[in-house]
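Chain and residue survey
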Amino acid sequence: MMYLKIAWLNIWRNKRRTLITTASVFFAVLLAIVIRSVTNGVYENMIDNIVSYSSGYLQIHQKGYWEEQSIDNSFEDSDELQEILRKNPEVLHSMPRLDAYALASFANETKGVFLLGIDPEMEKEVNNLHEKIIEGHYLESKTDSAIVLGEGLAIQLKAKVNDTLVLLGQGYHASSAAAKFKVKGIVKLGSPELNNSIIYMPLHQAQYMYGADNRLTALSLMLNKTSDLNYLKSAIAKELDTSKFEIMTWKEMMPELDQFIEADSAGHYIIIGILYVIISFGLFGTLIMMAFERTREFGILIAIGMKKHILAGILLLESVLISLIGCFAGSVGGFLVVKWFTKYPVYFTGELKEIYENYGIEPVIYFSSSKNIFMVQTLIILTLTILLAFYPGLKVIRLKPVQAINN
């Protein structure tokens, strides 16, 4: 405790030197948190944009459906299945959906579309689909006889609000599926790929059109973003009749997205590694400066009888205290920056917006507020600082008092 008190008093004997070193640690932590928050935020937003509007983080469907995605491989919804999902606290929402493909026609334009039968109220609650409406209105209920088009699809079909689209597809057990629906609204989604092909329709209307009463192609599960997908998949699978149902993660259903994120992450890990090297050199320089300025002081202390290992230990404690102050300040600063940009994301415009959309990515920078980012980055910088602080201590161990005093 005495050594700790001495170290604390020492660091404030020269406030300017302490503030310079603390500032180095502060900016190192702040920069590391912001960079990691941006990269994680982009990935999380990309995943959430796609899974919340299509597959869900986990999806339950009839066994064999994924190999042959036909409405004939749908299943009947049941209270028993819903009860299994309600019991799991990690499952935030269970969204019933009927996926199908159809030809959409308006005037002289025809296009293959992805038709998604949804519960409008639940989608409104889960992914704020109603807030994405840019023209017209959102669907009112499960029985509302209307549809909502993706913005890109509406442009391709040259359809507007209140126009009537003809939909033609194949129903349950090869029955005919054809109907006319009024366009009630146009929605702009974060995923350009979905935006160019999707039609939202109330679940009951989709079931009626395809002759699939009370049938679903999937139950899409929305989870906490930090949930362990594989663990939850195993836990839910134990409760299901695996001879009838299967459960898959979004990574299994969309491996190309998972591979893209992994490949892109590799590049970011290299960048963050370079950042750590730069940070290390900056911290190392300030620590050496701090020790060099006090060389004569160290020589006098050793000359009057202070043991070298005790002096080195005090110097290490000083570095740890300065690092802790810098890491705490950096974490607070990082939290405030991330909090601000979480509330007010950065939207791209012009050519940069087009480039992002061409890659199927929403042209916006979101920041991730995951606790792990703050903890991991702070601990990494703190560990680096402590390891680097051993070098000045080693110099003290090798210090020759007479030379130090004369210098």
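Let me sum up the structure you'll find in this document. (Residues numbered from 1 in each chain as written. Predicted model: local features only at pLDDT ≥ 70, side-chain atom pairs only at ≥ 80, totals over all residues. Heavy atoms only, no water.)

Time to look at the overall build of the protein. Helix and strand counts for the protein stand at 15 helices and 14 strands. On C-alpha atoms alone, the protein measures out to a radius of gyration of 30 Å, which is more than a quarter above the 22 Å that the 2.2 N^0.38 rule sets for 407 residues. C-alpha extents for the protein along the principal axes are approximately 100 × 50 × 30 Å. Taken over 407 residues, the protein has a buried fraction of 48%. In the protein, once contacts between residues fewer than 6 apart in sequence are set aside, the share between residues at least 24 apart is 78%. Accessible area of the protein: about 20900 Å², with a carbon and sulfur share of 59%. (Helix = DSSP H or I, 4+ residues; strand = E, 2+ residues; numbered from the N terminus. Rg over C-alpha atoms; globule rule 2.2 N^0.38 Å. Buried < 20%, exposed > 50% of the residue type's maximum accessible area, 1.4 Å probe, protein only. Contact = heavy atoms within 4.5 Å. Areas by Shrake-Rupley, 256 points an atom, 1.4 Å probe, with all protein chains shown as cover.)

Within the secondary structure, Ile 365 sits in strand β14 (residues 364–365). Among the residues examined, Ile 365 registers a relative accessible area of 13% and is labelled buried. Ile 365 sits 20 residues away from Pro 345 along the chain, and the two C-alpha atoms are 5.8 Å apart.

Okay, helix α3 (residues 79–86) next. Taken as a whole, α3 has its buried residues at Leu 81, Gln 82, Ile 84 and Leu 85. Looking straight down α3, one finds its buried side chains confined to an arc of 155°; they lie on one side. Among the exposed residues of α3, those oriented more than 90 degrees off its buried face are Asp 79, Glu 80 and Arg 86. (Arc of directions from axis to C-beta.)

Let's shift gears to the packing of helix α2 (residues 15–53) against helix α14 (residues 371–397). Packed helix pairs are characterised by how far apart their axes lie and by the angle those axes make with each other. Across the interface, α2 lies against α14 with an axial gap of 9 Å and an inter-helix angle of 145°. For α2 against α14, the interelement crossing comes out right-handed. On α14, the residues that touch Val 25, Ala 28, Val 29, Ala 32, Ile 33, Arg 36, Ser 37 and Asn 40 of α2 are Ile 373, Phe 374, Gln 377, Thr 378, Ile 381 and Thr 385. Looking at side-chain class alone, the contact of α2 with α14 contains eight nonpolar, five polar and one charged residues. (Axes fitted to C-alpha atoms, helices over the stretch in contact; angles between N-to-C directions. Left-handed = near helix turned anticlockwise from the far one by under 90°. Nonpolar A, V, L, I, M, F, W, Y, C, P; charged D, E, K, R; others polar.)

Turning to its location among the elements, Met 253 is positioned in helix α9 (residues 250–253). Spatially, the C-alpha atoms of Met 253 and Ser 37 are 26 Å apart, while their sequence positions differ by 216 residues. With residues up to four places along the chain from it excluded, the contact list for Met 253 reads Ser 55, Gly 56, Gln 59, Trp 66 and Met 248.

So, about the pairing of strand β3 (residues 91–106). The sheet contact formed by β3 and strand β11 (residues 218–223) spans six bridges and is antiparallel. Bridging across to β11, Met 95 finds its partner in Ser 220. Of the strand pairs in this sheet, β3 and strand β7 (residues 164–170) are connected by three bridges, and their pairing is antiparallel. Following the sheet pairing, Ser 105 is matched in β7 by Val 166. (Pairing = 2+ DSSP bridges.)

So, on to a nonpolar patch on the surface. Nonpolar side chains collect at one region of the surface, where Ile 288, Phe 292, Tyr 391, Leu 394 and Ile 397 lie side by side and expose about 460 Å² of accessible area between them. Secondary structure elements with two or more residues in the nonpolar patch: α10 (255–292) and α14. Among the elements that line the nonpolar patch, the one with the most residues is α14, at three residues. Assignment of secondary structure puts Leu 394 in helix α14. (Patch = residues over 30% accessible without salt bridge, like charges linked within 9 Å, V, L, I, M, F, W, Y side chains within 5 Å. Salt bridge = Lys/Arg side-chain N within 4 Å of Asp/Glu carboxyl O.)

Turning to the pattern of salt bridges, a few remarks are in order. For the structure on display, the rule yields seven salt bridges. Of the charged contacts in the structure, one is a salt bridge between Arg 86 and Glu 83, with a shortest N-O distance of 3.2 Å. A residue pair is termed a helical-turn pair when its members lie 3 or 4 positions apart in one helix, as Arg 86 and Glu 83 do in helix α3 at three residues. On the basis of relative accessibility, which here comes to 56%, the residue Arg 86 falls in the exposed class. Each member of the salt-bridge network shares a partner with another, and the members are Glu 140, Asp 144 and Lys 184.

What follows is about the packing of helix α1 (residues 2–11) against helix α12 (residues 308–343). At their nearest, the axes of α1 and α12 sit 9 Å apart, and the two run at 60° to each other. The hand of the α1/α12 crossing is right-handed. Packed against α1, whose contacting residues are Tyr 3, Leu 4, Ile 6, Ala 7, Trp 8, Asn 10 and Ile 11, the element α12 presents Ile 310, Ile 314, Leu 317, Glu 318, Leu 321, Ile 322 and Ile 325 at the interface. Tallied by class, the residues present in the contact of α1 with α12 amount to 12 nonpolar, one polar and one charged.

Two descriptors summarise a pair of aromatic rings, namely the distance from one centre to the other and the angle between the planes of the rings. One pass over the structure, following the stated rule, counts six aromatic pairs. Judged by centre distance (5.5 Å) and plane angle (45°), the ring pair of Tyr 101 and Phe 114 falls under tilted. Here Tyr 101 is found in strand β3, whereas its partner Phe 114 is found in strand β4 (residues 109–118), with 13 residues between them in sequence. Taking the relative accessible area as the measure of exposure, Phe 114 reaches 14% and is therefore buried. (Phe/Tyr/Trp six-rings, centres within 6.5 Å; stacked < 30°, edge-to-face > 60°.)

Inspection of helix α4 (residues 120–127) places Pro 120, Glu 123 and Asn 127 among the buried residues, and these make up the whole buried set. All buried residues of α4 lie within an arc of 65° about the axis, which places them on one face of the element. Those residues of α4 that are buried are in contact with α2, β3 and β4. Backbone geometry just after α4 places Asn 128 at a positive phi near 50°.

Another aspect to go through is the side chain of Gln 82. Within the secondary structure, Gln 82 sits in helix α3. By relative accessible area, Gln 82 is classed as buried at 15%. A polar contact is formed between the side chain of Gln 82 and the side chain of Ser 94, at a distance of 3.4 Å. When sequence neighbours within four positions are dropped, the list of residues in contact with Gln 82 reads Asp 77, Ser 94 and Leu 219. (Polar contact = N/O pair within 3.5 Å; in protein donor to acceptor, adjacent residues only side chain to side chain.)

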